[in-house]
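Reading the structure
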Amino acid sequence: MSPAEIMEEINASIGFDKALAPHDIRASKAHAAMLGQQGIISKDDAKKIAAGLDRIAGEIERGEFVFQRALEDIHMNVESRLKDLIGDAAARLHTARSRNDQVATDFRLYVRAWIDEADAALAALQMALARKAEAHSALIMPGFTHLQPAQPVTFGHHLLAYVEMLGRDRGRFADARKRLNELPLGSAALAGTSFPIDRKRTAEALEFDRPTANSLDAVSDRDFALETLAAASIAAMHLSRFAEEIVLWMTPQFGFVRLSDRFTTGSSIMPQKRNPDAAELARAKVGRIAAAFQGLLIVMKGLPLAYAKDMQEDKEQTFDALASLRLAIVAMTGMVGDMEPDADAMRAAAGGGYSTATDIADWLVRKLGMPFREAHHVTGRIVALAESQGLTLDQLSLPAMQAVEARISKDIFAVLSPESSVRSRVSYGGTAPQNVRKMARAWIKRLEKQGVSD
């Protein structure tokens, strides 16, 4: 390659930043309108620019626009085409701005629009989970710690845990959106401009809360992308955890849920298999999303103020990460709707592993006034006795338990089943079916008020 070819290869960004086209055109229209209103350019030129930009937007939407790599980026491609359409008036558009504040504005518009779409998608996933939780508020399943059977819970309660996680994700994106919603346009290259522009007018036209307060910071800031990618990484991690559980639940060893052919695939040589590929791919997305966050963080860590061409590396990985998360959210929503639990398998597993042992300890505390540490020790001896005889706790005889603690009465059998265990967990946030139904309905009502439908 010649030096010129090498420079074009490393310098061009149109291959990916053409995704900014609608935002670039929108921001340019607002900028031109402000220039005309301020008398910086004639109102006639402002009208010509707006009409030309509308025509370019139509060409891009219809797939007719020819992006030229030699023009480097989306800004120069649009401006070049605008000149073809309206002549010299196009050259006035760049008055009182730079590509530095232009790209910072376009990028913020892109990320802001993505956050709005992602929030709606996350809310739809929350609704799917809340509906499923309401339908299965009393379905018994084992709860785990260390992936070992711990205490019985309900399937609905388990699903609502992810509703809570997604609520925090939505909160993080909302916070990021609030902080990014300041307009860089008008900061020019780095020092502002001598033209009498009205940045507040442009901010209002583009639905920003205010203009940025420091021109150096405005053109060099990518915190808004980093913060969104950080929130995206956490959200992807939550989806990955849920996807991992779906993968486990679908194994014959668990057999807790079934997914239809819509979200599974067959094996090329083993006809009996149904592989949870959609869940596995959603689980994998966190890798590229978290990598994008780390990648941009490393790009930015050593840059002095203000703009540097290093920042051209901000968009491609961000676009890919955000698109990946959006796809994972949609896939998980589909799987939640498609997923059918196997109640018998869940109930059978919930009764294993002496999962109601804690209920014995709680009974000893409530009925006998025993300190919990002592109750814990007594319960451990009862579990060891049942294990030695190959019995479940509710199969162990009363005399056998009284041999460990003479004051135990037949009332203890009322707490030994998984059903009685979950019914007793009535503390706020607990797994009792009445709690789960109430919480599921509260989430459904909240989401409906936000305009989320099934």
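Let me begin by describing the structure that accompanies this report. (Residues numbered from 1 in each chain as written. Predicted model: local features only at pLDDT ≥ 70, side-chain atom pairs only at ≥ 80, totals over all residues. Heavy atoms only, no water.)

**Here we look at the pattern of salt bridges**
Two side chains of opposite charge can pair, provided their charged atoms sit close to one another. This model, assessed by the stated rule, comprises 30 salt bridges. A salt bridge links R55 to E59, with the shortest nitrogen-to-oxygen separation between them at 3.8 Å. Of the two residues, R55 and E59 are both situated in helix α4 (residues 43-61); the distance of 4 residues between them amounts to about one turn of the helix. The salt bridge partner of R172 is D169, with a shortest N-O separation of 3.0 Å. Note that R172 and D169 are positioned in helix α7 (residues 155-180) at a spacing of 3 residues, about one turn of the helix. Classification of D169 by relative accessible area gives buried; the value is 0%. What you see here is one network of salt bridges that share partners, running through R55, E59 and R81. (Salt bridge = Lys/Arg side-chain N within 4 Å of Asp/Glu carboxyl O. Helix = DSSP H or I, 4+ residues; strand = E, 2+ residues; numbered from the N terminus. Buried < 20%, exposed > 50% of the residue type's maximum accessible area, 1.4 Å probe, protein only.)

**Some remarks on the packing of helix α14 (residues 357-368) against helix α15 (residues 372-388)**
α15 packs onto α14 with a crossing angle of 135° between their chain directions and a minimal axis gap of 8 Å. Taken together, the axes of α14 and α15 are oblique relative to one another. As for how α14 packs across α15, the hand of that crossing is right-handed. Listed contacts from α15 to A357, I360, A361, D362, L364 and V365 of α14 are F372, A375, H376, V378, T379, I382 and V383. In the contact of α14 with α15, the residues fall into 10 nonpolar, 2 polar and 1 charged. (Axes fitted to C-alpha atoms, helices over the stretch in contact; angles between N-to-C directions. Parallel < 35°, antiparallel > 145°, perpendicular 65-115°, else oblique. Left-handed = near helix turned anticlockwise from the far one by under 90°. Contact = heavy atoms within 4.5 Å. Nonpolar A, V, L, I, M, F, W, Y, C, P; charged D, E, K, R; others polar.)

**Re the packing of aromatic side chains**
A ring pair, where both rings are aromatic, is described by two values, the distance of the centres and the angle of the planes. On inspection of all chains with the given rule, the structure shows 10 aromatic pairs. Ring centres 6.0 Å apart and planes at 55° place the aromatic pair F144 and F254 in the tilted group. Remark: F254 occurs in the loop between α10 (223-249) and β5 (257-258) and F144 occurs in strand β1 (residues 140-145); sequence separation between them is 110 residues. For F144, a relative accessible area of 27% gives the class partly exposed. We classify F254 as partly exposed; its relative accessible area is 21%. Three or more aromatic residues link up through ring pairs in this structure, and these residues are F107, Y110, F224 and F319. Sitting above the plane of the F208 ring, R112 keeps its charged end 4.7 Å from the centroid. (Phe/Tyr/Trp six-rings, centres within 6.5 Å; stacked < 30°, edge-to-face > 60°. Lys NZ or Arg CZ within 6 Å of the ring centre and 35° of its normal.)

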